[in-house]
Amino acid sequence: MKTGSRIAIAAAMVLLLTAYFLPLWEITLSAPQYPEGLSMDIWLNGITGNVLQINGLNHYIGMQHIDPQNFAEFKIAPYVFGLLILIGSVASVKGSRKLLIGLLALMIVFAATGFIDFYLWEYNYGHNLDPHAAIKVEGMYYQPPLVGYKQLLNFLAGSFPATGGMLIGLAGIITAATLYIEIRNGKRNEKERNDRAAGALDHRLQSKA
Amino acid sequence: MKRISQTTLLLAGLGAIAIASGCKAGKTGQAATDEDAAKKVYVAPGKHDELYMFASGGFSGQIAAYGIPSGRLLKVIPVFSQNPENGYGYSEETKPMLNTSHGFVPWDDTHHPELSKTNGEDDGRWLFINGNNTPRIARLNLATFKTEEILELPNVAGNHASPFCTENTEYIVGNTRFSVPLDGDKDVSIGDFKKKFKGAATFIKVDKNTGRMNIAFQLIVPGFNYDLAHAGKGPSHDWIFFTCYNTEQANTLLEVNASQRDKDFIMAVNWKKAEELVAQGKGRKVPAKYAHNLYNERTHSATSAMENDVTMLDVKDYPGLIYYIPCPKSPHGVDVEPNGEYFVASGKLAAVIPVFSFKKMLGAIDQKQFEGDFDGIPVLKYNTVLEGEVQKPGLGPLHTEFDGKGYAYTSMFVSSEIVKWKVDTREIIDRIPTYYSIGHLSVPGGDSRHPYGKYVIALNKITKDRYLPTGPELTQSAQLIDITGNKMKLLLDFPTIGEPHYAQTIPAEKIEKNSVKFFKLEENDNPYAAKSEKEARVVRKGNRVDVYMTAIRSHLAPDNIEGINQGDDVYVHVTNLEQDWDVPHGFAIKGSNNSELLIMPGETATLKWAPDRTGIFPFYCTDFCSALHQEMSGYFRVSPKGSNVPLTFHLGENLAAR
């Protein structure tokens, strides 16, 4: 790996590190009587924000209580991130392209798993309603959007990456781009080597002839 | 001769008022307002006002907060009077706030709101106000808009010269308007007024961190009627000025008998010197009984303690502590201009407004320019302290505030107007009518070192034809006047609660940033709090029943309670479990001889209920909290005395099928 690539990967790892200090994802709610808005921040290891208020509102329609203690994800995620950072750091120090490929693959698997998990939770949260809830609207489910906005009764729900999530996304892009450049450069080098080898052979053949 | 001409003027003025209001009601009030006045007071829906005005409710005993320039009423803050609207003075937690040495007093008369000051500027931390009738001073927390402390003043009656504060709120003061014998003298002939009746200038130390008040000392002064006060600032920092009328020391038909002398007094007090004397152990501790009530934001409860003594300094024993300055005639307000050099007194029956110089006062004291003494207290010569007089200002000058640009604004009760004059030349610049009979006036920051200016607000006593009639009992009013130009311009006229006796006005930014949105449940230290539904319960001890109830949208827990007996004392402690902005819950019980409760998020409040008959008594949330607010209700079952119905309580077990 070129020095530039190694620096880029090191930088991406620093970006990943911010996940421990910054929220990754934000769910927002606004309604006429909530001009100040309500929000939930999802972190690597938990949820903060107006969880209490959102739970309070959701009991009318029979949605489950959100309790960060009940999510196994928040116990595992900090270790998975540690592993990613470790692999990336070693790849950067050693300049190993193989490890870099491994890192990107893991990142993609982690992101995909994360989004699928998030979607399934949202589905369950929005569909699995208490049959004794006070407010029942025929055919209405309250699954929040995966990304973007969605109107749920009087609330407009939004779901977007928070600062930490954006930085992780950037780290992913840097990792992918670095690998792409490395592979392209590698191919070019190989071609040049091949060309040079072919040139030398030509020369030899010509000199023989 | 001079006195005759003043009286004639006054009578003429009174006559003019009578004619104006008696003959052509409706015409006098039609003064043109500027075409863009509406724009200047229009605060678009959803937008906030530029300033808060805190006006006393006068005989309502409360304070009201208004937005300026819109004049919108934002909140009535209960202080000295019970307020069934939110249970203040009715709930077990707040009853102690209204305790006094006379027992529970459900009402008082509020006069002068005073914002706490730092470096002579309004700091937006606390608001003080006097209770005039049963002498007290209250302190409000401007983060919660709640009354946090009430301190009774012993040896005082009619606490009117109150609660004006020194430059850094080191002290706030109180003093007697109706001189009385000191509390130790129990049974005195009214005829002994001159001998036995005294004033007690009371200095209350304010803790600069907590705001807590304690009486530091009382200066025992001659028995006059002490009316108003203002502390010095800058060069005059160490001094405070009180007005006194009835230096005749009359005790009957004061209207006439207290209006005989051409000049009464301004009493200048060197409070710094008094503080030093007390620090040296001077003065004497005198037994006194007065209530000191404190509201704790964490227990959401007030406690009332009785204090036992007060330190007194008899001013006759300490020369140099106070001086009298003659002042024409029956002075009402005394106001210190922003630089602290000039102080202005308004003799309500006087034909001039005297402007005194602090520097000249010190000079006169230095050179002993005394015209005599009163009870051993030196009386300075009027002319040696006088800087000049505002000539022919109008009739019945009462109060002056300043705009920080060199102008003063004086209210004229009898001629019903505000007069603008230049402080250094005492030349009259402009005058504007008020509708009608202005008392105090308020320039934002108008008594501080750096007035905000921009407006003067007239606080009027009489409205007559100004609004739609409401029978004989009419609203009083405030009028917003633009003072940005050379000429004053009337912008707005709005009704108030009670009597807007005085108001202080402060830029909103100094208050709103500190405003509390709700109380944290985990910080609730009320011993009767139920911090979750799991803690909701009912406990009997003899004939006392404690109901630990919770309220959250949209149910009360427990909501079915049986086993209460007629003759029980039931204490319902309701904790609002909400942790969100603007979600109070109310609580009321059918037939309860008490008020309702209004409980803020995170707060606990207690309603005492003594059921006097058997039956089923519904209770419910009175504050429309949610879509299922009406469902937020429950039942008490009250059985006959001695019944053996077991005490049970529950929530959510549907008994409908039984």
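Conventions we followed
- Counting starts from 1 at the beginning of each chain's written sequence and moves along it residue by residue.
- Each chain is given a letter, starting from A, and each ligand a number, starting from 1, according to the order in which they appear as written.
- Whole-chain, interface and lining totals are the exception, using all residues; otherwise, since this is a predicted model, local features are given only for residues with pLDDT of at least 70 and side-chain atom pairs are given and counted only at 80 or more.
- Side-chain numbers come from the whole structure's heavy atoms, not from hydrogens or water.
- Helix numbers and strand numbers start at the N terminus; a helix is a DSSP run of H or I with at least 4 residues, a strand a run of E with at least 2.
- We compute the radius of gyration from the C-alpha atoms alone; for a globule the expected value is 2.2 Å times N to the 0.38, where N is the number of residues.
- Using a 1.4 Å probe on the protein chains alone, a residue whose accessible area is under 20% of its type maximum counts as buried, one over 50% counts as exposed, and one in between counts as partly exposed.
- Note on contacts: a residue pair qualifies if any of its non-hydrogen atoms lie within 4.5 Å across the two residues.
- Using the Shrake-Rupley algorithm and a 1.4 Å probe, accessible areas are obtained, with residue cover drawn only from the displayed protein chains.
- In the sections that follow, a salt bridge refers to a side-chain nitrogen of Lys or Arg positioned within 4 Å of a carboxyl oxygen of Asp or Glu.
- UniProt positions are given in the numbering used here, feature names are shortened, and annotations may be inferred rather than shown by experiment.

A. Seen up close, the overall build of chain A. The secondary structure content of chain A amounts to 5 helices and 5 strands. Helices (α) and strands (β) of chain A occur, in sequence order from the N terminus, as α-β-β-β-α-α-α-β-β-α. Here chain A has a C-alpha radius of gyration of 25 Å; the compact-globule value for 209 residues is 17 Å, and the former is much larger. Dimensions of chain A, computed from C-alpha atoms along their principal axes, come out at roughly 95 × 30 × 30 Å. Burial statistics for chain A: of 209 residues in total, 37% are counted as buried. A separation threshold of at least 6 residues defines the contact pool for chain A, and within that pool the share at least 24 residues apart is 62%. Only carbon and sulfur atoms are counted for the fraction: they give 65% of the accessible area of chain A, which is about 12200 Å².

B. Main features of the pattern of salt bridges. Counted according to the given criterion, the structure contains 28 salt bridges over all chains. Between Asp195 of chain A and Lys191 of chain A there is a salt bridge, with its nearest N and O atoms 3.8 Å apart. In this pair, Asp195 of chain A and Lys191 of chain A both sit in helix α5 (residues 163-208), 4 residues apart, roughly one turn of the helix. Measuring nitrogen to oxygen at the nearest pair gives 3.5 Å for the salt bridge that ties Lys360 of chain B to Glu387 of chain B. Pair noted here: Lys360 of chain B is in helix α6 (residues 358-366) and Glu387 of chain B is in strand β25 (residues 386-391), with a separation of 27 residues, a long-range link.

C. Spatial organisation of the UniProt feature "transmembrane region" (unreviewed entry) in chain A. All names here are of chain A. The sites that UniProt annotates as "transmembrane region" (unreviewed entry) are residues 7-25, 76-93, 100-121 and 155-181. In the segment residues 76-93, helix accounts for 100% and strand for 0%; the C-alpha atoms at its two ends are 26 Å apart. Annotation note: span residues 100-121, helix share 100%, strand share 0%, distance between end C-alpha atoms 31 Å.

D. Layout of the environment of Thr210 of chain B. Considering the arrangement of structural elements, one finds Thr210 of chain B in the loop between β12 (197-206) and β13 (213-222). Setting aside chain neighbours within four positions, we find Thr210 of chain B in contact with Trp126 and Arg139 of chain B.

E. Structural detail: the side chain of Thr110 of chain B. Within the secondary structure layout, Thr110 of chain B lies in the loop between β5 (103-104) and β6 (114-118). With near-sequence residues (within four places) excluded, Thr110 of chain B lies in contact with Ser56, Gly57, Gly58, Gly61, Gln62, Phe80, Ile129, Asn130 and His501 of chain B.

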